[in-house]
Amino acid sequence: MTEVTVKQLADSVGAPVDRLLKQMQQAGLSHKGEEESVSEQEKQTLLTYLKGGQGESAKPAEKITLKRKSTGTLKSGQGRTGRNVTVEVRRKRTYVKRSEVAPEAAAERSEPVVSQSELEAQRIQEEEKARVEAEENARSAEAERKAEAERRAAEEKQKEAELKQQQDQQRAASEQQAKQAPTAPVSAADIQAKEQSEQRGGKRSRGRERSSTGAAEKGRRRELSLKSERRNKRRPTQREAALHVDQQGGEFKPEEFISREVEVGEVITVGQLASGMAVKAGEVIKTLMGLGVMATINQAIDQDTATLVVEEMGHRIKIVSEDVLEEQLEASLVIEGETTSRAPVVTVMGHVDHGKTSLLDHIRQARVTSGEAGGITQHIGAYSVTTANGQITFIDTPGHAAFTSMRARGAKVTDIVILVVAADDGVMPQTEEAIQHAKAAEVPVIVAINKMDLEGADPDRVTNELAAKDLVPEAWGGDVQFKQVSAMTGEGMDELLEAISLQAELLELSAIDEAPAQGVVVESRLDRGRGPVATVLVQNGRLQQGDIVIAGEFYGRARAMLDDTGANTKEAGPSMPVELLGLNGTPGAGDDFAVVADERSARELAEFRRDKMQERIQATQQAAKLDNMFANMIEGEKRILKLVVKTDVRGSLEAIVQAMSEVGNDEVSVQVLGSGVGGISESDATMAATYGATVFGFNVRADKTAKTLLEREGVELRYYSVIYELIDDVKDALSGMLSPEIREEIVGTAEVRDVFRSPRFGQIAGCMVIDGTVYRNKPIRVLRDNVVIYEGELESLRRFKDDVSDVRNGTECGIGVRNYNDVRAGDKIEGYDTKEIARTL
């Protein structure tokens, strides 16, 4: 036989490779890999080892005896006179092997898998022959047993037939004798024969009766046994309850501990925590008591305490965000589908006297069909216009309050801003405010120079003023489109609409049409007849009548929808403004709205937002305070003081803004978000609340609406009449925002004269204070040859045997240095103190 590898040998044998390698190593072979070759001699060595191991096997047991004992209860008597009798039933059964082939079969089963290989061909043949002989012996033995059973059955039948025949003969003889001699005495032999026949004939009937009554008695005993077991069953102890016994027999096994994942939010009650871990609340309360926390089942605990309890009890913690409802809504709002182009959303901004309303009215009258002329409701905040280049949606935001609120909530509603400037008036304060809003929102601007039909129109001056505000026209190499229009004559209107369409094409605006609607609230009001009415702008998806809508802190079902013409509509697509009826309140301008699955989730989310808003208002009241602003700054970042400045005249405004730009350094600076001439208006207050700024008024005051808004939002308002006081307060605020300077001051020095050992404190240095005062609770340094070798603190400071808090100059003392045992004579121990010194600009 040629050489084969270990893997081939294992495949031919039908055994795993690792098991074969293990047996080969036990046989003294040096094979370690499955690719190594095996020679004939090595095969014989392995075979000899396997045969030797087989011969040493122990002789199996010839007989097995099983014993079983059960206890039951029987009741004797009836009623109260009866009593219970305990009955113990013992059963014993012995199993003996049927043939002598069993040892060979057991040896064959215990034989290693390797014994069936090609190396043992001769041995396998012998075993096969023995197996065949064993099967033949078993078959012959079975045949003998069957023949013996048939022979015994035939003998029994023959005996029964002979007995029956004998009984018939005796019966016939007795009848004949009775007929012949009825008065003849009966002999003792006849009586004995009769009794024997009756006994033999009644054996089978009594056997059948015993079998039927035995089965009934067995069922009754089992029923009584079950009753006694239920009656004697007691409540298991705590140790016994933790153990389970297999009903078929086996070992006692303890219950497996199940480690559960417990979801914990910012606050959770003890009962909810116990339910999450599937334990009793008393166990949680006991664990809390071990941690030093006394709590009841309905008491709420914080997240950190709940984490300690969960980890102490062996479970896993899962931190749940407090904004889980918002996260679930955001996850449900993730929509996928084909995007289609949508109409641009345009916001018209500008000074109130620069013809913004006239421009919008001209666009409405010129672009609305004759059947709808005059049907536009003037109070709606958004409307749609059809042009030669497509649909355009306009948003009217007087006072810019809605636009600022949208920007504050991060909603990019507006795609393009049209800045209206009068050609005869130029750039005004509200024009500058509009530019600031557009820059903050990062929205492209199109400038419309209006009133070109007047004699005093000077578009060049307007262009120069706007260029100074970083609005450079395309003719000058910038990226802002300038169009000269007239709202009265209609001059340049087509060019303005074409500019809007061109800018929209550059932006490549798109939205998903077939999806649940999402969008923004433009404005809302409380109508006397219809209730809360919200003007919404759909940004994605399609809003249909009957949808469940949540908008900010309010929710409801869309009972009715009106388009910009006042007509009822069943649905609204992307970039389409509609008036929505059915909400339970008036949401704020700029709030997001979305369609949700059911009313329950909408109600829960609305209540959650309402609570969070109240908490946010209370938490941010102190954050905006100018005196505490430096405490909220992050270490390492440049700190910025944001201001909104309003003055009485432009000269003062320019001086203040210039002074603010010069104040500051690399760590702190001033940023003027908004500035202008005139009183502090509601738009100024909204901007300050949005961007976290402080309002400065120089010789001006805030109106009632602005003051109410500032008080509600917690924004600080300061009035000044002297410019130097304003600049000094800004410098003081910036100085408070600077990180303090840390300075060290040496307070005392002691010289080590000798070193002693103390069993309580370890090494003690006997010192003489040569300068200042050494304090017990201040940090120290150890100097050797005027070089610092250790920094730390004192372990002990003693004067004779008394502990003292300080030792003055010229006094001896004993000093123990904490965690340092290398003090030598001649060293110096220097005590120092650190002080924080406020920095100034």
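Scroll up for the structure.
Every chain's residues receive numbers from 1 upward, in the order its sequence appears when written. Totals for whole chains, interfaces and linings use every residue, but because this is a predicted model, local features are given only for residues with pLDDT of at least 70 and side-chain atom pairs only at 80 or more, for both listing and counting. Only hydrogens and water are set aside; all other atoms, that is, all heavy atoms of the structure, feed into the side-chain values.

Peer 1: Would you explain the overall build of the protein chain in this entry?
Peer 2: In terms of helices and strands, the protein chain carries 22 helices and 40 strands. Summary of the burial criterion: residues with accessible area below 20% of their type's maximum are buried, those above 50% are exposed, and those between are partly exposed, where the area comes from a 1.4 Å probe applied to protein chains only. Out of the 841 residues belonging to the protein chain, those deemed buried represent 36%. By definition in these notes, contact holds between two residues if any of their heavy atoms fall within 4.5 Å. Contacts in the protein chain between residues far apart in sequence, at least 24 positions, make up 69% of those at least 6 positions apart. Under the convention used here, a 1.4 Å probe and the Shrake-Rupley method define accessible areas, while residue burial counts only the protein chains that appear. A total of about 51100 Å² of accessible surface is found on the protein chain, and carbon and sulfur atoms cover 47% of it. Under the DSSP-based scheme used, a helix requires at least four consecutive residues in state H or I and a strand at least two consecutive residues in state E, with every element numbered from the N terminus.

Peer 1: Explanation requested: the pairing of strand E40 (residues 828-837) in the structure shown.
Peer 2: Successive residues of a regular strand alternate their side chains across the two faces of the sheet. Two strands pair under a simple rule: DSSP has to find at least two bridges between them. Examined bridge by bridge, strand E31 (residues 741-758) and E40 share ten bridges and lie antiparallel to one another. Along E40, the bridge assignment pairs Thr 749 with Glu 830. Two elements, strand E34 (residues 780-784) and E40, share four bridges in a ladder whose sense is antiparallel. Bridge pairing links Ile 780 to Gly 831 in E40.

Peer 1: How should the sheet that holds strand E23 (residues 554-562) be read in this particular structure?
Peer 2: Strand-to-strand pairing in sheets goes through backbone hydrogen bonds, with the strands running parallel or antiparallel. Within the closed barrel, the six strands sit side by side as E19-E20-E25-E23-E22-E26. Their pairing is antiparallel. On average, each strand axis in the sheet is inclined to that of its neighbour by 45 degrees, with strand direction left out of account. Looking at chain direction, strand E22 (residues 548-551) and E23 are connected through four bridges and run antiparallel. In the strand pairing of E23, Ile 548 is matched with Arg 557. Orientation is described by axes fitted as lines to C-alpha atoms, over the contacting stretch for helices, and by angles from 0 to 180 degrees between their N-to-C directions.

Peer 1: Teacher, can you tell me more about the pairing of strand E35 (residues 787-792) here?
Peer 2: Strand direction decides the pairing type here: E34 and E35, joined by five bridges, are antiparallel. Considered in E35, the bridge of Ile 780 is made with Gly 792. Here E34 hands over to E35 after two residues, with Asp 785 in that stretch at a positive phi of 60 degrees.

Peer 1: Mind showing me how you'd approach the pattern of salt bridges here?
Peer 2: Where charged atoms from two side chains of opposite charge approach closely, those side chains can pair. Counted as salt bridges are all cases of a side-chain nitrogen of Lys or Arg within 4 Å of a carboxyl oxygen of Asp or Glu. Across all of its chains, the model carries 30 salt bridges by this definition. One salt-bridge network, in which partners are shared between bridges, spans Glu 148, Arg 151, Arg 152 and Glu 155.

Peer 1: What's the story with helix H9 (residues 270-277) in this structure? I'm lost.
Peer 2: For an α-helix, 3.6 residues make a turn, and residues three or four places apart therefore share a direction. All of the buried residues in H9 are Val 270, Leu 273, Ala 274 and Met 277. The buried residues of H9 occupy one face: seen down the axis, they fall within an arc of 100 degrees. If you follow the buried residues of H9, they end up packed against strand E7 (261-264), strand E8 (267-269), helix H10 (281-290), strand E9 (300-302) and helix H11 (303-312). After H9 finishes, the residue Ala 278 shows a positive phi value of roughly 60 degrees. The arc in question is formed by the directions pointing from the helix axis toward the C-beta atoms.

Peer 1: Help me understand the packing of helix H15 (residues 429-441) against helix H20 (residues 682-691) in this model?
Peer 2: For any two helices packed against each other, one specifies the inter-axial angle together with the distance between the axes. Look at H15 against H20: their axes get within 12 Å of each other, and the N-to-C directions meet at 25 degrees. Classed by the angle they form, the pair H15 and H20 counts as roughly parallel. As for how H15 packs across H20, the hand of that crossing is left-handed. Residues Glu 433, Gln 436, His 437 and Ala 440 of H15 lie in contact with H20, whose contacting residues are Ser 683, Asp 684, Met 687 and Tyr 691. Among the residues making up the contact of H15 with H20, the classes are represented as three nonpolar, three polar and two charged. Orientation labels follow simple angle bins: below 35 degrees gives roughly parallel, above 145 gives roughly antiparallel, 65 to 115 gives roughly perpendicular, and whatever is left gives oblique. Two helices crossing with the near one rotated counterclockwise from the far one by less than a right angle form a left-handed crossing, whereas a clockwise rotation gives a right-handed crossing. Side-chain classes are defined by residue name, with Ala, Val, Leu, Ile, Met, Phe, Trp, Tyr, Cys and Pro counting as nonpolar, Asp, Glu, Lys and Arg as charged, and the others, Gly among them, as polar.

Peer 1: Just to check I follow, could you spell out the sheet that holds E34 for this structure?
Peer 2: Across the sheet, eight strands lie side by side as E35-E34-E40-E31-E32-E39-E36-E37; this open sheet has antiparallel pairing. Each of the sheet's edge strands pairs with one partner strand only, and the pair in question is E35 and strand E37 (802-803).

Peer 1: Just checking my understanding: could you explain the nonpolar core for this structure?
Peer 2: Note on soluble globular proteins: their nonpolar side chains tend to be buried together. Judged by nonpolar contacts, the single largest core of 21 residues is most densely connected at Val 346, Leu 359, Phe 394, Ile 418, Leu 496 and Ile 500. Secondary-structure elements contributing two or more residues to this core are strand E12 (345-350), helix H13 (356-367), strand E13 (382-387), strand E14 (390-396), strand E15 (416-422), strand E16 (445-450) and helix H17 (493-507). The biggest single contributor to this core is H17, with five residues. The contacts of Leu 359, once residues within four sequence positions are left out, are Val 420, Val 485, Ala 487, Met 493 and Leu 496. Only buried Ala, Val, Leu, Ile, Met, Phe, Trp, Tyr and Cys residues count toward a nonpolar core, and they belong to the same one when joined by side-chain atoms within 4.5 Å.

Peer 1: Where do I start with the packing of helix H1 (residues 6-13) against helix H2 (residues 17-26) in this structure?
Peer 2: Between H1 and H2, the least distance of the axes is 9 Å, while the angle of their chain directions is 110 degrees. For the element pair H1 / H2, the angle class is roughly perpendicular. Contacts between H1 and H2 pair Val 6, Lys 7, Leu 9 and Ala 10 from the former with Val 17, Leu 20, Leu 21 and Met 24 from the latter. Its residues placed into classes, the contact of H1 with H2 shows seven nonpolar, no polar and one charged.

Peer 1: Teacher, can you tell me more about the environment of Asn 699 here?
Peer 2: As for its position among the elements, Asn 699 is in the loop between strand E29 (694-698) and helix H21 (704-713). In this structure the C-alpha to C-alpha distance between Asn 699 and Tyr 719, which are 20 residues apart in sequence, comes to 7.2 Å. Excluding residues that lie within four positions of it along the chain, Asn 699 makes contacts with Asp 648, Tyr 720 and Ser 721.

Peer 1: Honestly, a nonpolar patch on the surface in this entry has me stumped. Any pointers?
Peer 2: Patch building starts from residues that exceed 30% relative accessible area and form no salt bridge, then joins like charges within 9 Å and nonpolar side chains (Val, Leu, Ile, Met, Phe, Trp, Tyr) within 5 Å. A surface patch of nonpolar side chains, amounting to about 300 Å² of accessible area, comprises Ile 64, Leu 66 and Tyr 95. Topologically, Ile 64 is positioned in strand E3 (residues 63-76).

Peer 1: Just checking my understanding: could you explain a negative patch on the surface for this structure?
Peer 2: Only four residue types enter the charge count: Lys and Arg as positive, Asp and Glu as negative, with His and the chain ends excluded. Charged side chains are reduced to one point each, which is NZ for Lys, CZ for Arg, CG for Asp and CD for Glu. On the surface, Asp 453, Glu 491, Glu 495 and Glu 498 cluster together into a negatively charged patch. Structurally, the position occupied by Glu 491 is in the loop between strand E17 (481-484) and H17. Looking at Glu 491, the relative accessible area reads 42%, which means it is partly exposed.

Peer 1: Where do I start with unusual backbone geometry in this structure?
Peer 2: The general pattern is negative phi for most residues beyond glycine and trans for most peptide bonds. Despite not being glycine, Lys 451 has its phi angle at roughly 65 degrees, a positive value. Relative to the assigned elements, Lys 451 resides in the loop between E16 and helix H16 (459-468). Positive phi, close to 60 degrees, is recorded for Asp 785, a residue that is not glycine. Take Asp 785: it is sitting in the loop between E34 and E35.

Peer 1: Would you mind showing me how to read H15 here?
Peer 2: Expected helix span is taken as 1.5 Å per residue step, with the number of steps being one fewer than the number of residues. The terminal C-alpha atoms of H15, which comprises 13 residues, lie 19 Å apart, in line with the 18 Å expected from a rise of 1.5 Å per residue. Within H15 the residues assigned to the buried category are Thr 431, Glu 432, Glu 433, Ala 434, Ile 435, His 437, Ala 438 and Ala 441. Glu 442 lies just past H15 and shows a positive phi near 55 degrees.

Everything listed here is a matter of coordinates, which is why it stays silent on function.
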